[in-house]
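Listed here are the chains, written in short residue letters.
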Amino acid sequence: MSPLVEIRNLSKVYTRGRQRIEVLHHVDLDIPQGDFLALMGPSGSGKTTLLNLIGGLDSPTEGTLCVAGRRIDQLGQSELARWRASNVGFVFQFYNLLPMLSASRNVELPLLLTKLPAAKRRSHAAVALELVGLADRATHKPGELSGGQQQRVAIARAIVSDPTLLVCDEPTGDLDRQSAVEVLTLLQRLNRDHGKTVVMVTHDPKAAEYASHTLHLDKGTLVEAARAADAAAS
Amino acid sequence: MKYLHLVWSALFRRKTRTVFTIISVIAAFLLFGLLDSVRDAFVGAAHSAAGASRMITTSKESFVISLPTSLLMRIQAVPGVSAVTYANWFGGYYQQPKNQLIAESVANNFFDLYPEMKLSPGELHAFHATRAGAVAGASLARRFGWKVGDKIPIQATIFPQKGGSNTWTFDLVGIYHVTDPQLKGEEGALFFNWDYFDQAAAFGGGTAGWYIERVANPKLADGVARAIDAISANSDHETKTESEDAFQTSFASQFANIGLLVGSIMGCVFFTLILLTGNTMAQAVRERIPELAILKTIGFSNRSVLSLVLAESVLLLALGGAIGLAIAGVAVGGIRAKLGPQIPMLPVGKQTWLLGVTLMVLIGLLVGALPARRGMRLRIVDALSGR
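Residues numbered from 1 in each chain as written. Chains lettered and ligands numbered in written order. Predicted model: local features only at pLDDT ≥ 70, side-chain atom pairs only at ≥ 80, totals over all residues.

**As for the overall build of chain A**
So, step 1. Summing up its helical and strand segments, chain A has eight helices and 10 strands in all.
So, step 2. Against the compact-globule benchmark of 17 Å for 234 residues, chain A has a radius of gyration of 18 Å, which places it among compact chains.
So, step 3. The principal-axis extent of the C-alpha atoms belonging to chain A is close to 50 × 45 × 40 Å.
So, step 4. Within the span of chain A, comprising 234 residues, buried residues form 50% of the whole. (Helix = DSSP H or I, 4+ residues; strand = E, 2+ residues; numbered from the N terminus. Rg over C-alpha atoms; globule rule 2.2 N^0.38 Å. Buried ≥ 20, exposed ≤ 12 C-beta atoms within 10 Å, placed from the backbone.)

**A closer look at the domain arrangement of chain B**
So, step 1. According to the domain assignment, chain B contains domain 1 (4-45 + 257-384) and domain 2 (66-236).
So, step 2. The centre of domain 1 of chain B, based on its C-alpha atoms, is set 47 Å off from the matching centre of domain 2 of chain B. (Domains from an automatic or database assignment.)

**Observations regarding the sheet that holds strand S8 (residues 197-201) of chain A**
All names here are of chain A.
So, step 1. Here six strands make up an open sheet; going across it, the order is S6-S7-S8-S3-S9-S10 and the pairing mixed. The open sheet has two free edges, formed respectively by strand S6 (88-91) and strand S10 (221-223), since each of these has just one partner strand. Within the sheet, the average angular offset between the axes of one strand and its neighbour, ignoring direction, is 25°.
So, step 2. The pairing of strand S9 (residues 213-218) with S10 spans three bridges and is classified as antiparallel. Counted as the bridge partner of Asp218 is Thr221 from S10.
So, step 3. Packed on one face of the sheet, helix H1 (residues 47-54) meets strand S3 (36-40), strand S7 (165-169), S8 and S9 and runs near 150° to S8.
So, step 4. In the packing of helix H5 (residues 147-159) onto the sheet, contacts are made with S6 and S7, and the angle to S6 comes to roughly 170°. (Pairing = 2+ DSSP bridges. Axes fitted to C-alpha atoms, helices over the stretch in contact; angles between N-to-C directions. Contact = placed C-beta atoms within 7 Å.)

**Examining unusual backbone geometry**
Trans peptide bonds make up most of the peptide bonds, and negative phi angles are found at most residues other than glycine.
Residue and element names in this part refer to chain A.
So, step 1. For Lys219, which is not a glycine, the phi torsion comes out positive at approximately 50°.
So, step 2. For Lys219, the position within the fold is in the loop between S9 and S10.
So, step 3. Under the C-beta neighbour-count criterion, Lys219 is labelled partly exposed, with 14 such atoms within 10 Å.

**Examining the environment of Ile155 of chain A**
Residue and element names in this part refer to chain A.
So, step 1. Mapped onto the elements, Ile155 comes out in helix H5.
So, step 2. Residues Ile155 and Val183, 28 residues apart in the sequence, show an inter-C-alpha distance of 8.6 Å.
So, step 3. If near-sequence neighbours (up to four positions away) are discounted, Ile155 is found in contact with Val91, Val132 and Leu186.

**A few points about the pairing of strand S1 (residues 54-59) of chain B**
Residue and element names in this part refer to chain B.
So, step 1. Where S1 meets strand S11 (residues 210-215), four bridges bridge the pair, whose relative direction is antiparallel. In the sheet register, Arg54 faces S11, and the bridge partner there is Arg214.
So, step 2. As paired elements, S1 and strand S12 (residues 239-243) share five bridges and run antiparallel to each other. Looking at the pairing, Ser59 lines up with Thr239 of S12.

**What to know about the confidence of the model for chain B**
All names here are of chain B.
So, step 1. In this model, chain B carries a mean pLDDT of 88, and residues with pLDDT of at least 70 account for 91%.
So, step 2. Note on residues 44-51: pLDDT under 50 across the span, and 21 contacts to partners over four residues away in sequence or across chains.
So, step 3. Confidence estimates for the predicted assembly give a pTM of 0.71 and an ipTM of 0.89. (pLDDT = per-residue confidence, 0-100.)

**What to know about the sheet that holds strand S1 (residues 5-16) of chain A**
All names here are of chain A.
So, step 1. One open sheet accounts for four strands, arranged S2-S1-S4-S5; its pairing is antiparallel. The open sheet is flanked by strand S2 (19-31) and strand S5 (70-71), the only strands paired with a single partner.
So, step 2. By the bridge criterion, two bridges tie strand S4 (residues 62-67) to S5 in an arrangement that is antiparallel. Residue pairing in the sheet places Val67 in a bridge with Arg70 of S5.

Structural data, given as structure tokens:
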């Protein structure tokens with residue numbers, strides 16, 4: 001079976017004025033369907049850039065990037081937006097909920113891009129909130145929720161349109177330990193019970209333990225998990 | 001419509017700022033409604049008499065030049081004229097110069113042509129039978145506490161009596177009412193007998209300030225007006241006959257180029273409004289860059305983001321504009337009822353609303369354009385990382 005995400009010779013170069021910064025350097029990576037992958041590495045190693053490329057938020061400078069058999073590196077802005085809407089759910093460190101909307105309305109946002117009628121959109125949002133254990137907070141605005149609850153609303157928003165892939169950028173980076181455990185357990189459940197493929201960037205080795213395996217990035221290059229472990233042991 | 005809550009919530013994200021901005025939009029469109037109503041009356045009033053059942057004949061040279069009363073019978077004889085009366089401006093004040101009056105001496109049949117001014121048969125009879133009799137509008141009588149039977153001393157500002165006195169004392173024999181709320185302002189005048197004026201005034205007797213004609217068929221009013229003016233053609237008292245509305249309009253037009261004046265004021269008001277709302281929109285979008293980035297992250301296209309910001313901007317203008325125009329509509333009704341035809345104002349009608357809505361949309365699109373472009377062009381990864 002072909003992997004869900006196939007990355008070949010992927011490079012990303014940013015240009016700041018005259019400065020050329022190569023953030024990713026010829027990365028090859030396969031992520032199987034149903035995997036829970038943790039990406040670790042020091043700051044500036046390129047893990048968020050890799051995550052953004054996988055999620056279709058940015059385009060590579062070089063190389064190919066296939067998700068579910070589709071070359072997303074060749075898609076234009078509009079096509080990429082449509083592709084993201086139906087294929088990827090995003091979870092960020094700072095939740096990024098719209099502060100003036102209720103939890104339910106926040107979760108409903110991705111469904112506005114579908115042709116679902118309002119009643120269906122609301123019921124789907126309610127199911128997603130139920131799944132993350134926040135059915136009773138549907139009418140609360142983000143400011144009325146704790147950090148952990150806000151992150152769970154963000155996860156509900158990420159899964160409401162039933163995407164195959166969840167990309168999570170430091171989802172526990174702003175949470176206390178207890179909330180972090182709840183969020184990671186939820187991600188693990190979505191991976192195991194609902195078959196979501198999860199790619200998570202984290203600095204936290206304890207968070208990475210919830211993933212089925214971990215890859216390390218260093219200076220824009222993937223380092224084998226085993227080698228990293230060996231290096232850590234020696 | 002499914003995005004309305006999104007646009008609405010974005011608009012009221014900073015309630016205080018939005019409310020203050022809307023208040024300024026309301027003020028601008030209230031002013032627009034009021035001034036456009038005046039402009040419509042001045043600029044839009046057709047100078048054709050077609051469709052008018054009541055017409056006014058004045059001197060072609062100037063409103064202040066009187067016409068001979070000998071014209072009465074000749075105008076009466078014009079085919080299509082069903083009744084004629086005449087009046088003379090008197091003016092004056094009551095007790096103090098600040099109490100200026102709309103006072104006119106009028107012919108016996110004056111009230112036949114103004115059926116909207118209701119007098120009881122007894123009062124009308126008393127008016128005809130009392131040499132120094134006068135009738136006052138109900139609101140004027142209320143203002144000065146007059147009642148039937150009172151003697152009303154009026155100080156003349158133009159016409160002294162033959163003995164040199166400026167004080168004209170009238171017997172108040174009736175109080176007329178106007179039931180049509182749109183014409184309520186007509187209750188602010190005082191009328192007395194032209195015959196008394198003609199006999200007692202030191203000068204100005206034997207003339208009429210203007211004639212008022214009722215036409216049998218308003219559709220033929222243009223032709224009737226031409227026929228009336230033809231009577232005095234090439235004489236030393238050539239006339240100009242026009243509909244009553246057009247007369248009011250041209251009378252007020254003597255004071256200024258109202259169209260230009262209103263246009264200039266509105267230009268300044270809307271220019272200021274553009275700066276103000278433009279600043280509000282720019283701030284609103286600048287603050288929401290990460291939120292717009294999130295919308296794009298979850299699949300909103302560049303065009304969707306552009307449309308959302310433009311819709312927000314148009315909604316801001318539409319909310320304030322609609323409230324402002326609605327208030328203007330009520331205010332114009334009130335002003336018309338209070339002041340009547342002395343200040344020409346047309347009700348805030350479809351044309352004003354159409355122009356107003358067009359302005360709301362255009363200004364909304366204009367002030368939203370730059371912020372919307374910024375939102376559309378933002379790079380998700382830069383916006384999310386705060387760059």
